[in-house]
Amino acid sequence: MASYPLIVGPPASLRKPLKVPDRLLLGPGPSNIAPRIMAAGNLPMIGHMHDEMYQIMDEIKDGIRYAFQTHNQLTMVISGSGHAAMEAALFNVVEPGESVLVGVNGLWGQRIAEIAERMGAKVHQMVKAPGEYYTLKDVEKGLTQHKPVLLFLTHGESTSGIMQPLDGYGDLCHKHNCLLLVDSVASLGGAPIYMDKQGIDILYSGSQKALNSPPGTAPISFSERARNKFLNRKTKPVSFYFDLKNLANFWGCDNSPRMYHHTTPVIGLMGLRESLAILAEEGLEESWRKHREVTNYLYERLQKLGLQLFVKEIPFLTMNAVPSG
Ligand code: PMP
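Calculation notes
Residues numbered from 1 in each chain as written. Predicted model: local features only at pLDDT ≥ 70, side-chain atom pairs only at ≥ 80, totals over all residues. Axes fitted to C-alpha atoms, helices over the stretch in contact; angles between N-to-C directions. Helix = DSSP H or I, 4+ residues; strand = E, 2+ residues; numbered from the N terminus. Parallel < 35°, antiparallel > 145°, perpendicular 65-115°, else oblique. Left-handed = near helix turned anticlockwise from the far one by under 90°. Contact = placed C-beta atoms within 7 Å. Nonpolar A, V, L, I, M, F, W, Y, C, P; charged D, E, K, R; others polar. Pairing = 2+ DSSP bridges. Core = buried A, V, L, I, M, F, W, Y, C linked by C-beta atoms within 7 Å. Buried ≥ 20, exposed ≤ 12 C-beta atoms within 10 Å, placed from the backbone. Near = placed C-beta within 6 Å. Expected span 1.5 Å × (residues − 1). UniProt positions renumbered as here; feature names shortened; annotations may be inferred.

**As for the packing of helix H2 (residues 51-68) against helix H9 (residues 266-282)**
Then, number 1: Relative orientation of the contacting elements H2 and H9 amounts to 40°, with a least axis distance of 9 Å. Considered as vectors, H2 and H9 are oriented oblique to each other. Considering the relative orientation of H2 and H9, their crossing is left-handed. Between H2 and H9, the contacting residues are Met53, Ile56, Met57, Glu59, Ile60, Gly63, Ile64, Tyr66 and Ala67 on the first element and Val266, Leu269, Met270, Leu272, Arg273, Leu276, Ala277, Leu279 and Ala280 on the second.
Then, number 2: Residue composition of the contact of H2 with H9, grouped by class: 15 nonpolar, 1 polar and 2 charged.

**A few points about the sheet that holds strand E2 (residues 99-104)**
Then, number 1: The strand order across the open sheet formed by 7 strands is E1-E9-E8-E7-E4-E2-E3, and the pairing between neighbours is mixed. A single partner strand is all that each edge strand has here, and the edge strands are strand E1 (74-79) and strand E3 (122-127). For this sheet the average axis-to-axis angle between neighbouring strands, irrespective of direction, equals 20°.
Then, number 2: When E2 meets strand E4 (residues 150-154), the two strands line up parallel, connected through 3 bridges.

**Quick word on the nonpolar core**
Then, number 1: Counting residues in each nonpolar core, the largest one holds 77 residues, and the members touching the most others are Ala89, Val102, Ala116 and Leu151.
Then, number 2: When residues of this core are assigned to their parent elements, the largest contribution, 8 residues, is made by helix H3 (residues 82-93).
Then, number 3: Each residue touching Ala89, except ones within four places of it in the same chain, is listed here: Leu181, Ile202, Tyr204 and Ile220.

**Observations regarding the packing of H3 against helix H4 (residues 107-118)**
Then, number 1: Orientation of H3 relative to H4, taken along the N-to-C sense of each, is 45°, at an axis distance of 10 Å. Between H3 and H4, the angle is such that the two are oblique. Crossing of H3 against H4: the hand is right-handed. Together, Met86, Glu87 and Leu90 of H3 and Arg111, Ile112, Ile115 and Ala116 of H4 make up the contact between the two elements.
Then, number 2: Residue composition of the contact of H3 with H4, by class: 5 nonpolar, no polar and 2 charged.

**A look at the site of the ligand**
Then, number 1: In the vicinity of the ligand there are 14 residues, among which Ser81, Gly82, His83, Ser158 and Val185 approach most closely.
Then, number 2: Per-class residue counts for the shell around the ligand are 5 nonpolar, 8 polar and 1 charged.

**Points about H9**
Then, number 1: In a regular helix each residue adds 1.5 Å, so 17 residues correspond to 24 Å; H9 covers 25 Å between its end C-alpha atoms and thus fits that length.
Then, number 2: Where H9 is buried, its residues contact helix H1 (35-40), H2, E1, strand E9 (217-222) and helix H10 (284-304).
Then, number 3: Downstream of H9 by a residue or two, Gly283 has a phi angle that is positive, lying close to 95°.

**Regarding the pairing of E4**
Then, number 1: Across the 5 residues that make up E4, a large majority, 5, are buried.
Then, number 2: Side chains of E4 alternate between two faces, with Leu150, Phe152 and Thr154 and Leu151 and Leu153 buried alike.

**A short note on the UniProt feature "modified residue: N6-(pyridoxal phosphate)lysine" (unreviewed entry) in the protein**
Then, number 1: As recorded in UniProt, the sites labelled "modified residue: N6-(pyridoxal phosphate)lysine" (unreviewed entry) are Lys209.
Then, number 2: Among the structural elements, Lys209 can be located in the loop between strand E8 (202-204) and E9.
Then, number 3: Using a count of 26 C-beta atoms within 10 Å as the deciding quantity, one classes Lys209 as buried.
Then, number 4: The residues touching Lys209, leaving out its near neighbours within four places in the chain, are Pro28, Gly29, Ser31, Val185 and Ala186.

Written out as C-alpha cells, the structure is:
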C-alpha cells in the first residue's frame, strides 16, 4: 500500500482547550439545558441496538405520545434537527406530482414549500403577512381550489410570533380527503396542542426549544390516515434515511424484530428522554401555565418600557414591534 507524507498537519486551532461561555439563551432555541438533561450527556455510551437503548426509545415514544396527546403507534424520533422532521414528513406522505397546500405566513411555510417543490410536489402557497394566521374559511377556499393531499400549518411561527389556532382544521382537511401536517417545533410544551382531538395527521417538533434538550433530535408522529397514505404509495420515498418503513421498524412501531437502519444519536436521545420525563413529572398543563405566566410578566414589563408587541397570541415567544428610530 502506498504511503504519502501528510500534506495537512494537525491544526493549531485544536491544540487550544475548548472554551464555551455560560450564556442565558432567550432566543427561539436552543434553550438552556436543565441539570438533569445535562447529566444525561455524561452517561456511558451504549450501542444504538442494545436492549437498554430500545427500552429508552420506548420510553421516549411514551413521552412523545403524552406531549403530543396522541395514541398513534407510528410515533418516533428523527435523527436530526427540526428540518429533518420537515423532510421526513413530506418525503413519506407526498409523492412527486401530488398537490400540497402550504400556509406561508413566515419562514417555516416558505421552507416547507421549498422542500416540497424540490421533491417534485405541486406546491400551492397561501401567503399571508407575518403575524396573521389562517382561518377555517381561508383553508376551505384553498382546499376546494387546489385539492391537495396535504395541508401544512405552523402552530408557533417563530419568525413572527403568531400562534395558529388548530381546532376544526383536521376535520375540514379530512372532509376534503387531505392530510393535516403541523409544525410544533417552537410551541411543544409551551402551548396546548392535542394531536388526536384536533385531527392532526403528522405532527413534528424539535428537542431544543421548550423541551430544553440539546438540538439534534426531532419527535414526530403519524396518524392512521397518514400511515395509510404511506402504505398506498406507488413510488418509494426519495430518501432512504427518512423512509418511514425503515424508521418505524427501528423504532419498534411495526411489531417486527428491529433491524439496523442507521446509528441514532444515542446520547442526544438520552437527553430527550430526560426532558420528556421532566415534562411528564411537571405535567403538560403546568408547563403551559408556567409559560403563560412568564409571558404575561414579560409583556407587562416590556409595555412599561414603552415597547409594543408585534402580536399577542403566542404564550412562549414574544415579538416586539421595532420602535421608530
Ligand atoms: N419550525 C420552527 C417553528 C422553528 O422555530 C424552527 C427552528 N427555529 C424550525 C422549524 C427548524 O428547526 P431546526 O433549526 O431545529 O432545524
